[in-house]
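One letter stands for each residue in the lines below.
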Amino acid sequence: KLSESNTLSTKTIDQFIDSIKVYPNPTINGRANISFKTAINKISIKVTSLEGKIIATNNYYNTANVELDIPGSAGVYIIQIATSEGLKTVRLIKK
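Scoring rules and cut-offs
Residues numbered from 1 in each chain as written. Predicted model: local features only at pLDDT ≥ 70, side-chain atom pairs only at ≥ 80, totals over all residues. Heavy atoms only, no water. Core = buried A, V, L, I, M, F, W, Y, C linked by side-chain atoms within 4.5 Å. Buried < 20%, exposed > 50% of the residue type's maximum accessible area, 1.4 Å probe, protein only. Helix = DSSP H or I, 4+ residues; strand = E, 2+ residues; numbered from the N terminus. Contact = heavy atoms within 4.5 Å. Salt bridge = Lys/Arg side-chain N within 4 Å of Asp/Glu carboxyl O.

S.K.: Explain the nonpolar core to me, please; I cannot follow it from the model alone.
M.R.: The tendency in soluble globular proteins is for nonpolar side chains to be buried as a group. Ile34, Phe36, Ile45, Val47, Ile79 and Ile81 are the most contacted members of the largest nonpolar core, which totals 20 residues. The set of elements that each furnish at least two residues to this core consists of helix H1 (10-19), strand E2 (31-49), strand E3 (54-69), strand E4 (75-83) and strand E5 (86-94). By residue number, the principal contributor to this core is E2, which donates seven residues. If sequence neighbours within four positions are ignored, phenylalanine 36 has contacts with Phe16, Ile20, Ile43, Ala64, Ile81 and Thr83.

S.K.: What is the right way to read the pattern of salt bridges from this model?
M.R.: Between side chains of opposite charge, a pair can form as their charged atoms come close. Counted by the stated rule, this structure contains two salt bridges. Residue arginine 31 pairs with glutamate 67 through a salt bridge whose shortest N-O separation is 3.2 Å. Of the two residues, arginine 31 is situated in strand E2 and glutamate 67 in strand E3; the sequence distance between them amounts to 36 residues. Using a relative accessible area of 39% as the deciding quantity, one classes arginine 31 as partly exposed. Among the ionic pairs, aspartate 69 bridges to arginine 31, the shortest N-O distance being 2.8 Å. Within this pair, whereas aspartate 69 is found in strand E3, its partner arginine 31 is found in strand E2, the two being separated by 38 residues in sequence. Here aspartate 69 falls in the partly exposed class, since its relative accessible area comes to 43%. Shared partners join several salt bridges into a network, and the residues in it are Arg31, Glu67 and Asp69.

Dropping the structure here:
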């Protein structure tokens, strides 16, 4: 049985997810920044097209900021950001 002190509330997870910022959106040069309030041990990022084709996957360690290059042509891409705290999905426009 877990005590309340050992569990994360939905509110805490939601606050963490909301604190992840992806900018600029739209991006003109295909470069986007992803920032977190504090350094994260492991961040997994997957970029897919709207059709579901995987464009890129990367892991980052012990950082609060990631500079992400979106390869390929202009369009809308799905950025999936996964950490031990939760998962955030963002639609990113590349002009």
